[in-house]
Amino acid sequence: MTPGSGPAPESPLPVAPDLATRARDFRLRMAVIARETEVALDMTRDRYGRTVHEGAAAAALAHRDKSAVEAYATHLAPYADALLDAARRALDELPPARHLAGWRTVLDGLAVSAAEIRRALDRPAATGSAVRTQHAALWPHLAAWADHGSIAANLADQNQHQHHKAPPTDGEQQAWTERAQAAQQRGELELTESWYAADGQPITLAHLIEDDDSRVVALQGDPDAPGWQVIGHFAHEYEAGQVLPAAVPPGVLRADVSEFNRPVPAPEVSLQELIRDVVEAQHAGDASNALLGATQRGYDAGPMIRLQELLETAGQFASALETVQGRQIAARLTALGRQIDFFTREVHDAAEDLGATVAVLPPHRTPVLRVRPRPAVDTTPPTPPPRTTTVRHR
């Protein structure tokens, strides 16, 4: 049997939780492979992040591709189709929700990737260069499974460990909601964890504190918006986790993101290096260039531009949370981004003015030798002065 073939007929397929575990194990193995590859690639780059050892970089990527293929063939290939079948069955049983169409598309994409990988494993290349080419072509499919196989795993594993109990009555639910709302107004409703259930409803765990007594409650809805309610109360988090709807994989900020297939980073000069450039500068133009490097835009943008991009991206993330606090924080980050943009332009103008001064540091700013001259080897060191003892009187 080839590594890409299904298990033998006499070998029963694992049950859904075991299939999910296979996918999670593969992701962990891929994370180790990706980390080791990043370490190897860092050794091939200069201090600005530019690749200077092309051969070593190519060898590191080839080793990554080969290791990923072997990990998939050993741990996931015999079970990928069964996992997708279990995930699709679970998906068909879920109540309607906004994310289900996207999940179905993800499962279809994983099926395509599984077929491509199986085709290559069934017909492996013969020569060394052809093997490397084949493995490189499989990397995007392997990365897809590492990135998104958790969705299939979660679907296959839905409700496997849940022990549902009867929900609280309407009167009990209303009473607990009012108690939680009163605690929130007192500042004694401490939110601890949040997730989304399969039906798309947000669930948040919180500690409800009353008279030095704490109780775990589960809230449904945005705790900072009107309309949320308590859907359960528990002695501790473990009990809540056993009873409440299971968490589903959270979304992504950008649909094309890939933790295992990141783009090559652009060359970058660190802020520490720019500071050092100013410290070591003697001409105004050198200090000016350091400031201009910090405000440089484009492909190899400077640290100040990257900071502005970070604020903008974090603002997009906060807004994408679709909560009251998320929108408020997004507005704050947007305002800070505008301030950074104004500040960056001011620094850029000051840098140009500094460069236009055509000045150097005055000579009276003399350096201090960091290493003092040592006596010659064949010379006798001077006799130290006699030690005197001072007697102190009370």
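Residues numbered from 1 in each chain as written. Predicted model: local features only at pLDDT ≥ 70, side-chain atom pairs only at ≥ 80, totals over all residues. Heavy atoms only, no water.

Participant: Hey, could you go over the layout of surface pockets for me, with residue numbers and the actual values?
Facilitator: Left-over empty space is what a probe sized like a water molecule reveals as it rolls over the atoms. Estimates place the volume of the largest pocket at around 1800 Å³. Considering the residues around the largest pocket, the lining is formed by 42 residues, among which Tyr196, Pro249, Pro250, Gly251 and Val252 are closest to the centre. Elements represented by at least two residues in the lining of the largest pocket include exactly helix H4 (100-122), helix H5 (128-156), strand E1 (189-196), strand E2 (202-210) and helix H10 (303-320). Top element by residues in the lining of the largest pocket is E1. It accounts for six residues. Its residues assigned to classes, the lining of the largest pocket shows 20 nonpolar, 13 polar and nine charged. (1 Å grid on protein atoms, 1.4 Å probe; cavity = no way out; pocket = protein on both sides within 12 Å on 5 of 7 lines; lining within 4 Å. Points joined across faces, edges and corners; volume = space filled by probe spheres on them. Helix = DSSP H or I, 4+ residues; strand = E, 2+ residues; numbered from the N terminus. Nonpolar A, V, L, I, M, F, W, Y, C, P; charged D, E, K, R; others polar.)

Participant: Tell me about the side chain of Thr204, and name the residues and values.
Facilitator: Along the polypeptide, Thr204 turns up in strand E2. The exposure class of Thr204 is buried, given its relative accessible area of 6%. Beyond its immediate chain neighbours, meaning those up to four positions away, Thr204 contacts Leu191, Glu193, Ser194, Val217, Ala218, Leu219, Gly221 and Pro223. (Buried < 20%, exposed > 50% of the residue type's maximum accessible area, 1.4 Å probe, protein only. Contact = heavy atoms within 4.5 Å.)

Participant: Please set out the nonpolar core residue by residue, giving values where relevant.
Facilitator: Ranked by size, the top nonpolar core spans 45 residues in total, and within it Phe26, Tyr72, Leu142, Trp145 and Leu155 carry the most contacts. Secondary-structure elements contributing two or more residues to this core are helix H1 (16-42), helix H2 (54-75), helix H3 (80-93), H4 and H5. Sorting elements by how many residues they give to this core places H5 first, with eleven residues. If you look at the next biggest cluster of nonpolar residues, it comprises eleven residues, including Ile203, Ala218, Ala240 and Leu244. (Core = buried A, V, L, I, M, F, W, Y, C linked by side-chain atoms within 4.5 Å.)

Participant: Can you lay out the environment of Leu76 for me, pointing to particular residues and giving the numbers?
Facilitator: Mapped onto the fold, Leu76 is located in the loop between H2 and H3. The exposure class of Leu76 is buried, given its relative accessible area of 0%. Contacts of Leu76, omitting those with residues within four sequence positions, involve Arg22, Ala23, Phe26, Ala71 and Trp145.

Participant: I'd love a proper account of the sheet that holds E1, names of residues and values included.
Facilitator: Spatially, four strands are ordered E1-E2-E3-E4 in an open sheet, and the strand pairing comes out antiparallel. Among the strands making up the open sheet, the edge pair consists of E1 and strand E4 (229-234). Here the average twist between neighbouring strands, direction ignored, is 25°. Here E2 runs beside strand E3 (residues 213-220); their pairing, made up of eight bridges, is antiparallel. Looking at E3, one finds that Ala206 is bridged to Val217. (Pairing = 2+ DSSP bridges. Axes fitted to C-alpha atoms, helices over the stretch in contact; angles between N-to-C directions.)

Participant: Any details on the pairing of E3? Residues and values, ideally.
Facilitator: Moving residue by residue along a regular strand, the side chains alternate between the two faces of the sheet. Here E2 folds back onto E3, and the loop between the two strands holds two residues, one of which, Asp211, carries a positive phi near 50°. Bridge count for E3 against E4 is five bridges, and the pairing is antiparallel. Its bridge partner being in E4, Gln220 is matched across the sheet by Gln229.

Participant: Hey, could you go over the side chain of Ser67 for me, with residue numbers and the actual values?
Facilitator: Its place among the elements puts Ser67 in helix H2. For Ser67, a relative accessible area of 17% corresponds to the buried category. In this structure the side chain of Ser67 is engaged in a polar contact, spanning 2.9 Å, whose partner is the backbone oxygen of His63. (Polar contact = N/O pair within 3.5 Å; in protein donor to acceptor, adjacent residues only side chain to side chain.)

Participant: Describe the environment of Tyr48, listing the residues and the values that go with them.
Facilitator: Inspection of the secondary structure assignment puts Tyr48 in the loop between H1 and H2. Among the residues examined, Tyr48 registers a relative accessible area of 21% and is labelled partly exposed. Along the primary structure Tyr48 and Glu268 are separated by 220 residues, whereas in three dimensions their C-alpha atoms are 5.0 Å apart. In this view, Tyr48 contacts Ala266, Pro267, Glu268, Val269 and Glu273; residues no more than four positions away in its chain are not counted. A polar contact of 3.0 Å, which involves the side chain of Tyr48, links it to the side chain of Arg47.

Participant: Before we move on, can you summarise a nonpolar patch on the surface with the specific residues and values?
Facilitator: Side chains of Leu253, Phe317 and Leu321 sit close together on the surface and give an oily, nonpolar patch of about 270 Å² of accessible area. Here Leu321 shows up in the loop between H10 and helix H11 (324-355). The exposure class of Leu321 is partly exposed, given its relative accessible area of 40%. (Patch = residues over 30% accessible without salt bridge, like charges linked within 9 Å, V, L, I, M, F, W, Y side chains within 5 Å. Areas by Shrake-Rupley, 256 points an atom, 1.4 Å probe, with all protein chains shown as cover. Salt bridge = Lys/Arg side-chain N within 4 Å of Asp/Glu carboxyl O.)

Participant: Describe in detail the pattern of salt bridges, supporting the description with residues and values.
Facilitator: Opposite charge on two side chains makes pairing possible when the charged atoms of those side chains draw close. Within the structure shown, the criterion is met by 19 salt bridges. The partner of Asp341 in a salt bridge is Arg297, with the nearest N and O atoms 3.3 Å apart. Placement of Asp341 in helix H11 and of Arg297 in the loop between helix H9 (284-294) and H10 is noted, with a sequence separation of 44 residues between them. On the basis of relative accessible area, Asp341 is assigned to the buried category, the value being 18%. A relative accessible area of 41% places Arg297 in the partly exposed class. Several salt bridges share partner residues, and in doing so they unite Glu38, Asp42 and Arg45 into one network.

Participant: Hey, could you go over the packing of aromatic side chains for me, with residue numbers and the actual values?
Facilitator: A full pass over the atoms with the stated rule returns two aromatic pairs. For the ring pair Phe26 and Tyr72, a centre distance of 5.5 Å and an interplane angle of 80° mean the geometry is edge-to-face. Here the residue Phe26 occupies a position in helix H1, and Tyr72 occupies one in helix H2, the gap between them amounting to 46 residues. It is Arg64 that lies over the ring of Trp139; its NZ or CZ is 3.8 Å from the centre. (Phe/Tyr/Trp six-rings, centres within 6.5 Å; stacked < 30°, edge-to-face > 60°. Lys NZ or Arg CZ within 6 Å of the ring centre and 35° of its normal.)

So far we have only geometry, and geometry alone does not tell us how the molecule works.
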